Amino acid sequence: MYQHFRTFQGRKLTDQERARVLEFQDSIHYSPRYADDTNEYRHVMLPKAMLKVIPSDYFNSEVGTLRILTEDEWRGLGITQSLGWEHYECHAPEPHILLFKRPLNFEAEMRAAAAAAQQQQQS
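Quick caveat, the model's predicted, so the values are computed rather than measured. (Residues numbered from 1 in each chain as written. Predicted model: local features only at pLDDT ≥ 70, side-chain atom pairs only at ≥ 80, totals over all residues. Heavy atoms only, no water.)

### Details of the overall build of the protein
Here comes step 1: For the protein, the helix and strand inventory stands at three helices and seven strands.
Here comes step 2: When the helices and strands of the protein are listed from N to C terminus, the series reads α-β-β-β-β-β-α-β-β-α.
Here comes step 3: When its C-alpha atoms are laid out on the principal axes, the protein stretches across 55 × 35 × 25 Å.
Here comes step 4: Counting the 123 residues in the protein, one finds 33% classified as buried.
Here comes step 5: Within the protein, contacts between residues separated by at least 24 positions form 54% of all contacts whose residues are at least 6 apart in sequence.
Here comes step 6: With the model as given, the accessible surface of the protein reaches about 8,200 Å², and the carbon-plus-sulfur share is 51%.
Here comes step 7: In the protein, the 14 positive side-chain charges and the 17 negative ones have mean positions that sit 4 Å from each other. (Helix = DSSP H or I, 4+ residues; strand = E, 2+ residues; numbered from the N terminus. Buried < 20%, exposed > 50% of the residue type's maximum accessible area, 1.4 Å probe, protein only. Contact = heavy atoms within 4.5 Å. Areas by Shrake-Rupley, 256 points an atom, 1.4 Å probe, with all protein chains shown as cover. Lys, Arg positive; Asp, Glu negative; His and termini not counted. Charge placed at Lys NZ, Arg CZ, Asp CG, Glu CD.)

### Structural notes on the packing of aromatic side chains
Here a ring pair, both rings aromatic, is described through the centre-centre distance and the interplanar angle of the planes.
Here comes step 1: This model, assessed by the stated rule, comprises three aromatic pairs.
Here comes step 2: Centre to centre, the rings of Trp 74 and Phe 100 are 5.0 Å apart; their planes meet at 75 degrees, and the pair counts as edge-to-face. Placement of the pair is Trp 74 in helix α2 (residues 71-76) and Phe 100 in strand β7 (residues 97-103), with a sequence separation of 26 residues. Take Trp 74 and Phe 100: they sit in the same class, and that class is buried.
Here comes step 3: An aromatic cluster of three or more residues is present, and its members are Tyr 34, Tyr 41 and Tyr 88.
Here comes step 4: In this arrangement the basic side chain of Arg 67 is found over the ring face of Tyr 58, its NZ or CZ atom lying 5.1 Å from the centre.
Here comes step 5: Geometry around Tyr 88 places Lys 101 over its ring, the cationic atom sitting 5.3 Å from the centre. (Phe/Tyr/Trp six-rings, centres within 6.5 Å; stacked < 30°, edge-to-face > 60°. Lys NZ or Arg CZ within 6 Å of the ring centre and 35° of its normal.)

### Focus on the nonpolar core
Here comes step 1: Counting 20 residues, the largest nonpolar core has Leu 46, Met 50, Ile 54, Leu 66, Leu 77, Ile 79 and Leu 98 as its most contacted members.
Here comes step 2: Here Ile 79 is in contact with Ile 28, Tyr 30, Val 44, Leu 46, Trp 74, Leu 98 and Phe 100, once residues within four sequence places are set aside. (Core = buried A, V, L, I, M, F, W, Y, C linked by side-chain atoms within 4.5 Å.)

### Digging into unusual backbone geometry
Here comes step 1: The phi angle at Asn 105 is positive, at roughly 60 degrees, despite the residue not being glycine.
Here comes step 2: Mapped onto the secondary structure, Asn 105 falls in the loop between β7 and α3 (106-122).
Here comes step 3: Taking the relative accessible area as the measure of exposure, Asn 105 reaches 54% and is therefore exposed.

### Here's the deal with the pattern of salt bridges
Here comes step 1: Counting across every chain of the model gives eight salt bridges.
Here comes step 2: Two residues, Glu 107 and Arg 33, come together in a salt bridge whose shortest N-O distance is 4.0 Å. Here Glu 107, found in helix α3, pairs with Arg 33, found in the loop between β1 (29-30) and β2 (34-35); they are 74 residues apart in sequence, far enough to count as distant.
Here comes step 3: Residue classification places Glu 107 among the partly exposed residues on the basis of a relative accessible area of 32%.
Here comes step 4: We note a salt bridge from Glu 73 to Arg 67, for which the minimum N-O separation is 2.9 Å.
Here comes step 5: Sharing partners across several salt bridges, the network here consists of Arg 33, Glu 40, Arg 102 and Glu 107. (Salt bridge = Lys/Arg side-chain N within 4 Å of Asp/Glu carboxyl O.)

### Description of the pairing of strand β3 (residues 39-45)
Here comes step 1: Most of β3 is tucked away, with five of its seven residues classed as buried.
Here comes step 2: Judged from the two bridges that link them, β1 and β3 form a sheet pairing that is antiparallel. Of the residues in β3, the one forming a bridge with Tyr 30 is Val 44.
Here comes step 3: Looking at chain direction, β2 and β3 are connected through two bridges and run antiparallel. The partner of Ala 35 across the bridge, within β3, is Glu 40.
Here comes step 4: Examined bridge by bridge, β3 and β7 share seven bridges and lie antiparallel to one another. Paired with Met 45 across the strands is Ile 97, a residue of β7. (Pairing = 2+ DSSP bridges.)

Okay, here's the thing in structure tokens:
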């Protein structure tokens, strides 16, 4: 069976950095999902104290918020979500709030693609 392995994108946290941020993982708050005509959205609220232990190179120094993080980077901070979410903005007045989006029906399309691939393998 074919397995896809991809390389990490972004900057990995050191073991010490990761241990410090993961102390806050249980305090991360996830909003309910909301949508427009093309995407579904959610925001993730990090504990404010967590911002003090996130490495400075994860921040945009011009505005004082986190920069746009790769999936590997935000998952490394302890944010857990299903597949397809993209970090697209930080809420500048509240730098502990990260905004995420993904296409509508992403999960249904993933299931359909997986079923089609499985069916093709069986043929």
